[in-house]
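Structure at a glance
Each chain, written out:
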Amino acid sequence: VKSQVGGIMGRTVTVATCALNQWALDFDGNLERILKSIEIAKCKGARYRLGPELEICGYGCSDHYFESDTLLHSFQALAKLLESSVTQDIICDVGMPVMHRNVRYNCRVIFLNKKILLIRPKMALANTGNYREMRWFTPWNRSRQVEDYFLPRMIQAITNQESVPFGDAVLATLDTCIGSEICEELWTPNSPHIEMGIDGVEIFTNSSASHHVLRKAHMRVDLVNSAMTKNGGIYILANQKGCDGDRLYYDGCAMICMNGATVAQGLQFSLDDVEVLVATLDLEDVRSYRAEISSRNFAASKVTPYFRVKVSFALSCSDDINTPTSEPIQWRYHSPEEEISLGPACWLWDYLRRSRQGGFLLPLSGGVDSSATACIVYSMCLQVCSAVWNGNQGVLLDVRKIVNDESYTPKDPREFCRRILTTCYMASENSSQATYDRAKSLTEEIGSYHININIDGVVKAVWVVFSAVMGRLPQYSMCGGSSRENLALQNVQARIRMVFAYLFAQLCLWTRGIPGGLLVLGSSNVDESLRGYFTKYDCSSADINPIGGISKNDLRSFIQHCLENFHLRALGSILSAPPTAELEPLKEGQVAQTDEADMGMTYDELSVYGKLRKIAKAGPYSMFCKLVNMWKDICTPAEVASKVKHFFRMYSVNRHKMTVLTPSYHAANYSPDDNRFDLRPFLYNSAWSWQFRCIDEQVSPATMKVYTHTKVM
């Protein structure tokens, strides 16, 4: 009897989602990865395959979305997918831009056996932070409405369809109902899955292009699990992975959830270009879960129904009574230190292989920031070697192209690091023996090709020219010079280091008889960028910066992580040393200059200022009001006012530096990146006269309140 009932109903469905390392405008590569993911999904028994957002063209096309070529090539790639034997007998859900009635939409195109079932446009566009979808696309604002979309002739010739449904609809297969969400729609207060679930949709899909931010992964997981806990159902999420051409790293984490429990978890960081997750789930578990949610069932009795596209196809088999189903799992999150170790390393690998350069050059000072960058490259080498050991032929092929050796196979991370990382210690008369020793010890442990340069001769030559022209020589402040002279003397050293970095990056491999050039790595952190504590066009000016979105405190924790997990003993002395630029003369052979003294604020304070300025949207007055309470046990209101004013003066006079900030891995939500994340003027009235006057008016009352409170206590 059981067999007969199971054969009639069909209970278990096998569905697949994936994380693909797509690349903007790489139509050949993107198509290859899409087909590979569909092939893997079919081999694992899946009857539905979901891919990332805009996977055909790659999410990061930006203003290329305005070009008709992008639309044309997307349809050409879609035609290849429709014609392929790989895509037969499985519902394929792919992402691409589509123009409907002269309006561009971010769409899902869902097809089966050379027939397009539905084109579903995105209804809520991501338009905050790094996202600018409203610039290129228009949201579909007609809830539950569908129109005819007239297909291009190249598609009509394959599908024999003149038009297909376009709009907010769901698919009704022979055994279940499927509804689509696209990325941002999961994050909106009134997500489509709410009404779709009430209307009987049992399987929800979400194609995303969600980028990595430290400590963010749990938010996606919580949103998905919470949605299905309230409404019941199966939720399938696909995401892009890797660097697709800009500052963001898309961090995978594809997942499948049922009734609030995760049943399949994808990797957050990986060098695999294609990752496919498959789960087999029992539809009756969804139905029985919903049966006792009376509030949901009452809402369902009066819901406005969705247009259903009927599909003569089943996700289940007629005889599936003995099919095993996927069990719930516990999601495993990375620590922030692990995220720093893995995310920027994967981003660097994508940038290196796709830029077709021969490796990296890193100016290594012996401090925390440049050492953290070196450790990230070393982590990349560890991941590359691990991928090769595990049989990843794509990674091995990329390695051989980079080192220009078709027979090379990396066996040891240190040996591979020596091939692709050149470190350079650029000493001056202001450099200490301690930083030289720390840099040298670290390079020996990670295995990089290390060179030492003394820049004093070039620095002196610059001042000889200046003196010959102007008739005067500036002096350091400790020798009686003004602050203006002191800063100019430091800046010349810093800028010469940038010139040397690019010179050696261009010719270092040439001197060793190796073809190609090196990418210059920067190593300024997010806090120093916020404060403007770096020289414009110094070693912070590089090709890319893997730590530019990471705070000093997080970098210190990461260094400790590398010390303990990579067994790099040299990092112990680097951690214990005070941060210094070493641009001013030594005192009795010891460093006299420290970063925090130069900045007039601590790195802890900088992180607080950054989060209040960007995340809390606080100007000078609001920041003062918040910090008066936050710091009431350690600062008087007058001291808080002084600190806030100093920060905003320094921030505003240095904001112009953000316009030339090296492209950095985005990892912090308070990044001052001027490119598209933090759009502000770069010419301020740094007096902030009105704002500071408002602060001053509050200082005396606040001081009196604190005094009265202390007296009563």
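All of the points below concern the structure found in this document.

Rules used in this analysis
- Residues numbered from 1 in each chain as written.
- Predicted model: local features only at pLDDT ≥ 70, side-chain atom pairs only at ≥ 80, totals over all residues.
- Heavy atoms only, no water.
- Helix = DSSP H or I, 4+ residues; strand = E, 2+ residues; numbered from the N terminus.
- Buried < 20%, exposed > 50% of the residue type's maximum accessible area, 1.4 Å probe, protein only.
- Contact = heavy atoms within 4.5 Å.
- Lys, Arg positive; Asp, Glu negative; His and termini not counted.
- Charge placed at Lys NZ, Arg CZ, Asp CG, Glu CD.
- Polar contact = N/O pair within 3.5 Å; in protein donor to acceptor, adjacent residues only side chain to side chain.
- Phe/Tyr/Trp six-rings, centres within 6.5 Å; stacked < 30°, edge-to-face > 60°.
- Lys NZ or Arg CZ within 6 Å of the ring centre and 35° of its normal.
- Salt bridge = Lys/Arg side-chain N within 4 Å of Asp/Glu carboxyl O.
- Right-handed = clockwise from strand over helix to strand, strands pointing away.
- Pairing = 2+ DSSP bridges.

1. Regarding the overall build of the chain
In terms of helices and strands, the chain carries 24 helices and 20 strands. Counting only C-alpha atoms, the chain reaches 95 × 75 × 50 Å along its principal axes. Counting across all 713 residues of the chain, residues that qualify as buried make up 57%. A separation of at least 24 residues holds for 74% of the contacts in the chain among residues at least 6 apart in sequence. Side chains of the chain give 73 positive and 75 negative charges; the mean places of these two sets differ by 3 Å.

2. Considering the environment of Thr70
Examined against the element boundaries, Thr70 turns out to sit in helix H3 (residues 68-83). Considered as a pair, Thr70 and Glu339 are 269 residues apart in the sequence and their alpha carbons are 34 Å apart. Discounting chain neighbours no more than four positions away, the residues touching Thr70 are Leu25, Phe27, Cys57, His64, Tyr65 and Pro97. There is a polar contact of 2.6 Å between the side chain of Thr70 and the backbone oxygen of His64.

3. Examining the packing of aromatic side chains
A full pass over the atoms with the stated rule returns 27 aromatic pairs. Judged by centre distance (6.1 Å) and plane angle (40°), the ring pair of Trp331 and Tyr333 falls under tilted. Exposure remark for Trp331: the relative accessible area of 9% places this residue in the buried category. Taking NZ or CZ as reference, Lys614 lies 4.5 Å from the ring centre of Phe677, over its face. A cation over an aromatic ring shows up here: Arg693 above the ring of Trp690, its NZ or CZ 5.3 Å from the ring centre.

4. Points about the pattern of salt bridges
For the coordinates displayed, the defined rule picks out 34 salt bridges. Taking the shortest distance from any N to any O, the salt bridge between Arg33 and Asp26 comes out at 3.1 Å. Arg215 serves as the salt-bridge partner of Asp554, at 2.8 Å between the closest nitrogen and oxygen. Of the two residues, Asp554 is situated in helix H18 (residues 552-565) and Arg215 in the loop between strand E10 (203-208) and helix H7 (217-231); the sequence distance between them amounts to 339 residues. One network of salt bridges, in which partners are shared, links Arg613, Lys614, Arg655, Asp674, Asp678 and Arg680.

5. Observations regarding the pairing of E10
Taking burial as the measure, the 6 residues of E10 include 6 buried ones, the bulk of the element. Of the two faces of E10, the one carrying Ile203, Thr205 and Ser207 and the one carrying Phe204, Asn206 and Ser208 are both buried. Of the crossover connections in this fold, the one passing from strand E9 (residues 177-182) over helix H6 (residues 192-198) to the parallel E10 is right-handed. Where E10 lies against strand E11 (residues 234-242), 6 bridges are found, and the strand directions are parallel. Its bridge partner lying in E11, Ile203 is registered against Ile234. For the crossover from E10 across H7 to E11, the handedness is right-handed.

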